[in-house]
Structure formats: structure tokens, C-alpha cells
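# Remarks on the overall topology
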Amino acid sequence: MARKSRKGLGESESREEKKIYQTAVYVRLSVENSGKADDGISFENQKQICLDYIKGHQDLKLYDMYADNGEKGTDMDRPEFQRMMDDVKAGRVNCVVVKDLSRFSRDYIDAGNYLEKIFPFLGVRFISITDTYDSLSADGDEKALMIPLKNMINAAYAKDISRKIITSFRARQAKCEFLPSCGPYGYVKSKDKKYRYEIDEKTAPFVKQIFESVIAGVPMKAIIRNLNEQGAITPAARKLELGIWHDDKHAKTHWNNKTITDMLRNPTYTGCIVYGRMPKSLADGIPWRRAARSEWQIFPGMHEAIVSEEQFEQVQKILKEKSDAYAARVKISKKRLDKLINLYEGKIYCGDCGKRMRFLKQYVPSRDYYILKFACGRYLDSQNRECTRHSIGMDEVNDAVQVAVQEQILFLDRCEELNKISGSKRDAILKRKMVFMTKELESVSAEKNVLFEKYVDCQVSREEYDRQRAALDERQRRLERELKEGKKKEREHDVFLNGMNGWMQTVRKAGKQAKVTKELVEELVDRVLVFENKRVEIVFRFVEEREELERLIAELEEMDEEETEAEEPDEEEPIPEAEKEDCIGSENLSEESEAGSSGWL
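Figured I'd write up the structure that's included with this text.

Each value, and the rule that gives it
- Residues numbered from 1 in each chain as written.
- Predicted model: local features only at pLDDT ≥ 70, side-chain atom pairs only at ≥ 80, totals over all residues.
- Heavy atoms only, no water.
- Helix = DSSP H or I, 4+ residues; strand = E, 2+ residues; numbered from the N terminus.
- Contact = heavy atoms within 4.5 Å.
- Areas by Shrake-Rupley, 256 points an atom, 1.4 Å probe, with all protein chains shown as cover.
- Axes fitted to C-alpha atoms, helices over the stretch in contact; angles between N-to-C directions.
- Parallel < 35°, antiparallel > 145°, perpendicular 65-115°, else oblique.
- Nonpolar A, V, L, I, M, F, W, Y, C, P; charged D, E, K, R; others polar.
- Phe/Tyr/Trp six-rings, centres within 6.5 Å; stacked < 30°, edge-to-face > 60°.
- Buried < 20%, exposed > 50% of the residue type's maximum accessible area, 1.4 Å probe, protein only.
- Pairing = 2+ DSSP bridges.
- Expected span 1.5 Å × (residues − 1).
- Arc of directions from axis to C-beta.

### Digging into the overall build of the chain
When its secondary structure is counted, the chain shows 19 helices and 15 strands. Of the contacts formed within the chain by residues at least 6 apart in sequence, a portion of 65% connects residues at least 24 apart. Put simply, the chain shows about 37,000 Å² of open surface, and 51% of that area lies on carbon and sulfur atoms.

Below, the structure written as C-alpha cells:
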């Protein structure tokens, strides 16, 4: 028995050994370590440690190497890390190897999220070599308990480093002995003077041209068009050309409003060095932000100016006037837009694909007017233009809703008129039938007692007793069922007479409104379906209540017809002598036939 158990274990281990993991090696250098070749952290050292580890494990096969140079460990949005995760999600990689956890992430929340949730969900094995951590064998291991602690230590270390670096930078900034890694467009770092800029002859003319164009009143769109037509190199493309950035995607960038506006607001072009325009502090938990000008540190006369201070201030005045005018327009527009509400928010859908319709506001300057319409969200969102391009104006939807509401109101008027004319009469019919069936039940109970007495007195046999008793029981069950149904109808009729039906109350309220409102749509409309040919289908709320009301009206009308027929009996015809004999002995059938006629339609 033991031999068999060992054999099974050996087969299990053999199957495990046969699994080969497609392995990704991830290495990272932070900004402050970028380019340094210190032992234990350098690219080459990290790569060699990881490759040596893979060579020593037959179940690991190198798929690719992923290296982020100059990327912070507190940010997971790194180019090579994201490329690795794309390969993981595509199933090309199912194992990740790093030198240590700090190379993977210095944010303990992000690191814990990947190690405890994302990687296990994707079936990815994670190995941290110097931490001697392998997720394949970590379950129940004391080392696994140390991983969250190490992640927290890494995060604390990152914040401590951030605090020290910020303190150092601020001290150097106070002496103007620090320059950002990327200088402003139009300048390059001076080769002769430390911590200073010098004019970039290739790009400075474009900076001067931009400022002069704004002062001359040239519209922003025209400035952008002129720069693109001239082939003026963009700030991103120039950084790529100087080797500051390395991604080729920046080579195909174009000029835009934001890039030019940022340049126009930068005092560096007047010969100043400016610190603190976009501060960030990991230690204090402060993300990148645009600081107010009052928070900047400005050191004038530090390098050659491209524009004069007079030109710069003139441009600032123009920008402020435009900004104030825009803010005023936005304020006025916001007041108008706030009134242009979507009456069918969350209720209007494309009838062809089922996607929610998008609410669009199209401004018509010539008429100073907004056109409100709905368009298929699937068509607008999908690159392949799934579904079809169809839209409908809100006014058209409102018209369709009003027509549908009027139909509901007409039916309500019919119900109320019918109730007003003969509601009490029908109520009397219902109550009379209820009394009749109650008496019928009492009669059946009496017949059962009489039958039992006859059986006791041996007037009927056991077989005859059982037969008649079964017939009476069936008749009693039928009457009880019909009586219960009659009581339910009586309650429904009371609801109708009193106007307490939810549909009736809502439609009655809607009938008092002259136009479609948000309140009416919320209370009465369940959803609106818009089809390609602009056919609109309105699905109302209280569908069941209306259906019950329609059924009740139909039944009451039928009851009224029966009552009318009962009040006008047909003339009796003489019975032929031959048929009179057939009627003899039918007295015992009269009760059954009378009971049968008491059922509910």
C-alpha cells in the first residue's frame, strides 16, 4: 500500500517538473540611480543575477527581458512594466523574476495587489531572488508572511529618499544650483556655465515668432497652422533629437494649443530661472500639480532672454483677457446648459443594438441655439462603427411620448366614465354572486350531513356513499375556489372604484401637465427605444397594473351583458309531448346544473 502511495507521489512530482514556465525578467533603475553602475542595483548586475537563477532551474525558460531605466518604483505606469503585463495578459508569460521586491515596486499597496490578487488570478508565478520568495511554494511558508512587511519597508524607504532628495533640491534651488532634467523649448543646458541655460539656435526663433504673433493678435489656430506648415520642430521631437527622450513616438508630434500656452506662461524666456511651477512630494503624499505663480521661485537675469519682459507681460495681459472672456462665456453657457437637461437620462436606448443612447448638445452660433438630440452610443464609441449611425432629436422623442401618454389618458377617461355610469350596479352584481355562492356552500355542507345520516341508517350502500360524497367534495372545492377568486375580484373592483390603482394615479397626474417634464418621465416611463428609421417605442411603468385594469374592465362589461340578458328572458316555446317524458326524473340534475351556472367568467 505504501509502495503505491510513493509511486503516485513520484508521478505527481514528475508531472510538476514537466511544466515549463515562460519567464519574464524585470529590471529597473530609478531616476536617482539611472546610469550608475553600483553593485547590486546596476542593470547588468540585476540581469546577470536573474539569468543565473533561470539557468539553475530547468522549469524556467526565458521569454524576454524588460528593463525600465529612470523609472520610479512608486509608479506602476512604466513603459517596460506595462509591456510585460501586456505579454502576461496575452498568455505569453506565466512567470516573473526580479532581483528583489524593491525593483518590482516600492509601493506596498500596489505590490501587495499584484502579488496577492492580480498574479494569482492570471496564474502567474512570481519569484524575488534575494528575498528567497517563490509564489509556487509560498503557501504556508513563514517567508510568505515577510513579503507584506518588506513591501511596507520599501514604501517607507521610498518616502524617506523622497524627503531627503526634496530637502537637497530645495537647498540647491535657493542657491540657484539646480536645473531640471528637461529645459524649456528654446534653450539647452550651457556647456560653459554650470546650472545655466544657453539659447538653442534651432528653436529659439520659433519661440520669438510665437510671442510676436500673439502680440500682433494672430489667432491661436493660425499660429498652430503656421508652425506646422513651416515644419517647426515640436518640443517633444526636439527632446528626442537631443537624446533627452528616447521613444520614437515623439518624432511625429504636432503643435497644439496646450503646448503653446505653457510656453507663453513661462518666465524663463525673459532670462529667469523658475522653480516650483509643478511641484510634487512623495513624502507628503502630494502628486504633480500646477502651482500658482505666487508659489514660484524666480531668479532673474540668469541667462540670455529670448523675449523682453515688456513683451512677456503684454502676452500675459492678452492671455488673462482671453481667459476672463472665456470664463465669462463658460459661466453664461453653463447657466444655459444647466437648463438643457436630459429628460430621458438612463431610460433611452437604441432599439437595434440595445446600447444606451448618448445625449448630445449641438450649439448653432448663427441662431445662438442648442440642438438637443440622442445618438446610438455603440456607434459613437466603437472604432468599427458597430450598429448604424442614427439619431433623433429630443423634440421628436417628446412628441412620441406625448402621443403615447394621450393614449393612456384616453383609456383612463374611458375607465372612469364606465365606472361613473354603472360602477355601483356592477358592485351589486359582484356582491349578489358572492352571497349566492356562500349559500351554495352552506347547501353542500347540509347535503353532506344528510348523506352521512342516510349512510348511518343504512339507506345507501358504502359504494353509493363514497360516490356521492366524492361528488359533493369536488363541488365544495370548486365553490370555495370560485368564492376565493370572487373575493379577489371584489378587492380589485374596490381598487378600481376608489381610483387607487398605481397606473391610474400616475396617468391622472400626467394628464394635468401640458408638456413632457423630467418628473413625468420618471414617474410614467420605464424606457424609450429608438430604432434606425426613427421609430420610437415607449415602454411605460405600471404595465401589470394596466393589464389588470383592462382585464377587470372586460370582465365587468361581460358581467353587465349577462345581467342585461337575464333581465330580458327569451319567450318560452311549448315542449313537445315526446320530450316531456325525457324530462321526467331530471329533478336530481337541477341542482348540479344550477351550481354549474354560478361559476366566474
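### As for the packing of helix α8 (residues 220-230) against helix α10 (residues 257-264)
Packing of α8 against α10 leaves a shortest axis separation of 10 Å and a crossing angle of 100 degrees. With respect to α10, the element α8 is oriented roughly perpendicular. The residues of α10 that touch α8, namely those facing Met220, Ile223, Ile224 and Leu227, are Asn257, Ile260, Thr261 and Leu264. In terms of residue class, the contact of α8 with α10 is made up of six nonpolar, two polar and no charged.

### Here's the deal with the packing of aromatic side chains
Scanning the model with the defined rule gives 18 aromatic pairs in all. Ring geometry for Tyr187 and Tyr269: centres 6.0 Å apart, planes at 20 degrees, overall stacked. Here Tyr187, found in strand β6 (residues 187-189), pairs with Tyr269, found in the loop between α10 and β8 (273-275); they are 82 residues apart in sequence, far enough to count as distant. We note that Tyr187, like Tyr269, is buried.

### Things to note about the sheet that holds strand β13 (residues 391-393)
Spatially, the three strands line up as an open sheet ordered β11-β12-β13, and their pairing is antiparallel. Strand pairing shows two members of the sheet lacking a second neighbour, β11 (357-364) and β13, which therefore form its edges. Put simply, the sheet's adjacent strands are angled 30 degrees from each other on average, direction ignored. Bridging between strand β12 (residues 369-376) and β13 involves three bridges; their strand directions are antiparallel. Of the residues in β13, the one forming a bridge with Ala375 is Ser391.

### Focus: helix α2 (residues 43-55)
For α2, spanning 13 residues, the distance from its first C-alpha to its last is 18 Å, which sits close to the expected 18 Å at 1.5 Å a residue. Buried residues of α2: Phe43, Gln46, Cys50, Tyr53 and Ile54, and no others. One side of α2 carries all its buried residues, which in axial view fall inside an arc of 110 degrees. In α2, the exposed positions that point more than 90 degrees away from the buried face belong to Glu44 and Lys55. For α2, the secondary structure elements touched by its buried residues are β1 (21-29), β2 (60-69), β3 (95-98), α4 (101-104), β4 (125-128) and β5 (133-134).

### Some details on the environment of Ala111
Tracing the sequence through the fold places Ala111 in helix α5 (residues 108-122). Residue Ala111 is classed as buried on the basis of its relative accessible area, which comes to 1%. For Ala111 and Met76, which are 35 residues apart along the polypeptide, the C-alpha to C-alpha distance reads 9.2 Å.

### Brief notes about unusual backbone geometry
Even without being a glycine, Tyr195 presents a positive backbone phi close to 60 degrees. Note that Tyr195 resides in the loop between β6 and β7 (197-199). According to the relative accessible area criterion, Tyr195 is partly exposed, its value standing at 25%. Despite not being glycine, Cys458 shows a phi value in the positive range, around 65 degrees. Turning to its location among the elements, Cys458 is positioned in the loop between α13 (394-456) and α14 (462-498).

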